[in-house]
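Chain residues, written in single-letter form:
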Amino acid sequence: MHITRRLEFDAGHRIPDHGSQCRHLHGHRYAIEITLSGEIIHRSGDAANGMVMDFSEVKKLAKEHLVDAWDHAFLVHADDTPVLGFLNTLPGHKTVVLDCVPTAENLARTAFRILDAIYRDTYGNHLRLERVRLYETPNCWADALRED
């Protein structure tokens, strides 16, 4: 069985080598969909009885380990020294320094890597992360899929 939980957050970024508008500082209303697979729990009296995982728990873990860190932050590549220099002049600015250019593809892959261990077999029902879909806009997204 597969389940999916969607969360949204706002963040800024830029794509330094982009040939068009995305090379400039800008932001998005991102949406992230987290798809998990697992067996349906059959334990009478258990709050998760009949579920793969409680959607509120999916949300809680995603917020704690990813969304709260990225929400209202500027996501910047560690090699983007002009932007890092600028952001460092802003006292208390929320900056997330990444080891990759913050494209939708790289952010989806990074989110998958962060969340994969968080959800692994949480309830003893063979739970595992299958997909992270990151929407940069309503019409543009990237999927990071489990590769077995």
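The structure presented is a predicted model; accordingly, all values stated were derived computationally and were not measured. Numbers given to residues run from 1 along each chain, matching the order in which its sequence is written. Note on the predicted model: pLDDT of at least 70 is required for a residue's local features to be given, and 80 or more for side-chain atom pairs to be given and counted; whole-chain, interface and lining totals, by contrast, use all residues. The side-chain values count all of the structure's non-hydrogen atoms but skip hydrogen atoms and water molecules.

Visitor: Tell me about the overall build of the protein chain, and please be specific about residues and values.
Guide: The helix and strand tally for the protein chain stands at three helices and six strands. Working definition: helices are DSSP H or I runs of at least four residues, strands are E runs of at least two. Numbering for both runs from the N terminus. Counted from the first residue to the last, the protein chain has its helices and strands arranged as β-β-α-β-α-β-α-β-β. Overall, the protein chain is about 55 × 30 × 25 Å in size when its C-alpha atoms are taken along their principal axes. A contact between two residues is defined here by any heavy atoms of the two lying within 4.5 Å. Taking all contacts inside the protein chain whose residues are at least 6 apart in sequence as the whole, residues at least 24 apart take part in 60%. Here the protein chain has roughly 8100 Å² of accessible surface; of this, 51% comes from carbon and sulfur atoms. Taking the 17 positively charged and 22 negatively charged side chains of the protein chain as two groups, their mean positions are separated by 2 Å. Per-residue accessibility takes into account occlusion by the displayed protein chains alone, with areas from the Shrake-Rupley method and a 1.4 Å probe. When charges are counted, neither His nor the chain ends are considered; positive counts come from Lys and Arg and negative counts from Asp and Glu. In this description, the location of a charge corresponds to atom NZ of lysine, CZ of arginine, CG of aspartate or CD of glutamate.

Visitor: An account of the packing of helix α1 (residues 55-70) against helix α3 (residues 104-119) is requested, with residue identities and associated values reported.
Guide: At a closest axis distance of 11 Å, the pairing of α1 and α3 adopts a crossing angle of 140°. Accordingly, the angle class assigned to the pair α1 and α3 is oblique. For the crossing formed where α1 meets α3, the hand is right-handed. Contact residues: α1 offers V58, L61, A62, H65, L66 and W70, while α3 offers L107, T110, A111, I114, L115, I118 and Y119. In the scheme used here, Gly and all other residues not listed as nonpolar or charged are polar, with Ala, Val, Leu, Ile, Met, Phe, Trp, Tyr, Cys and Pro taken as nonpolar and Asp, Glu, Lys and Arg as charged. For the contact of α1 with α3, the class distribution of residues is 11 nonpolar, two polar and no charged. Angles here are taken between N-to-C directions and fall from 0 to 180 degrees, while the axes themselves are lines fitted to C-alpha atoms, restricted in helices to the stretch in contact. Throughout this description, any angle smaller than 35 degrees is read as roughly parallel, any larger than 145 degrees as roughly antiparallel, any in the 65 to 115 degree range as roughly perpendicular, and the remainder as oblique. Handedness of a helix crossing follows the sense of rotation of the near helix relative to the far helix, less than a right angle counterclockwise being left-handed and clockwise being right-handed.

Visitor: Can you lay out α1 for me, pointing to particular residues and giving the numbers?
Guide: Largest kink in α1: about 60°, centred on K63. Partly exposed residues are those whose accessible area sits between 20% and 50% of the maximum for their type, while under 20% is buried and over 50% is exposed, using a 1.4 Å probe and protein chains only. Taken together, the buried positions of α1 are occupied by V58, L61, A62, L66, V67 and W70. On its buried side, α1 packs onto β1 (2-13), β2 (26-37), β3 (73-77), β4 (95-98) and α3. The first or second residue beyond α1 is H72, which carries a positive phi of 55°. In this analysis the local bend is the angle between axes fitted, respectively, to the seven residues ending at and the seven residues starting at the residue.

Visitor: Residue-level account of the pairing of β2, with values.
Guide: In terms of burial, β2 is largely enclosed, as nine of its 12 residues are buried. Bridging between β1 and β2 involves 12 bridges; their strand directions are antiparallel. Residue pairing across strands places H2 opposite S37, the latter belonging to β2. Between any two strands, pairing holds if DSSP finds at least two bridges. Bridge count for β2 against strand β5 (residues 128-137) is seven bridges, and the pairing is antiparallel. Bridging across to β5, I34 finds its partner in V132.

None of the figures reported here should be taken as evidence of function without further support.
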